[in-house]
Amino acid sequence: MISIINNLINNTFEAFTKLDVKNKKISITTFKEDKNFCIDITDNGDVIPEDIIKKIFNRGFSTKTKGKDIHGFRLYITKKLIEKNNGTISVESIPGKTKFVIKFKID
């Protein structure tokens, strides 16, 4: 769980370094929905375009151009960790809000 949250937060901080957004915010919310334990990680950074969202969890995919061979693994590994623990991850991105939602089945 720590690796999953850490990877998503680190990704957000990296994205924030490229932005000129005042009052940068990251929120982490946990809640139960039906038979799922959910983690919602939301930030107020730039919109992630739909074509990028479709590839964001692919192994080796990165929007960074420098050192491209060392990027593109954090979100891939995060998704694999979630799936290994019978979970799912989704991304929603609109102007002013990008949200990663992780869900794990609970008994």
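Residues numbered from 1 in each chain as written. Predicted model: local features only at pLDDT ≥ 70, side-chain atom pairs only at ≥ 80, totals over all residues. Heavy atoms only, no water.

(A) Spotlight on the pattern of salt bridges. A complete count under the given rule lists six salt bridges for this structure. The salt bridge partner of arginine 74 is glutamate 14, with a shortest N-O separation of 3.1 Å. Linking arginine 74 in helix H3 (residues 74-84) with glutamate 14 in helix H1 (residues 2-16), this pair joins segments that are 60 residues apart in sequence. A relative accessible area of 27% means that arginine 74 is categorised as partly exposed. Salt bridges sharing partners connect three or more residues here, namely Asp40, Glu92 and Lys99. (Salt bridge = Lys/Arg side-chain N within 4 Å of Asp/Glu carboxyl O. Helix = DSSP H or I, 4+ residues; strand = E, 2+ residues; numbered from the N terminus. Buried < 20%, exposed > 50% of the residue type's maximum accessible area, 1.4 Å probe, protein only.)

(B) Geometry of unusual backbone geometry. In the Ramachandran plot, aspartate 34 falls in the positive-phi region, its phi being about 55° despite a non-glycine side chain. Structurally, the position occupied by aspartate 34 is in the loop between strand S1 (26-33) and strand S2 (36-43). A positive phi angle is found at asparagine 86, which is not glycine, with a value near 60°. Checked against the element boundaries, asparagine 86 lands in the loop between H3 and strand S3 (87-94).

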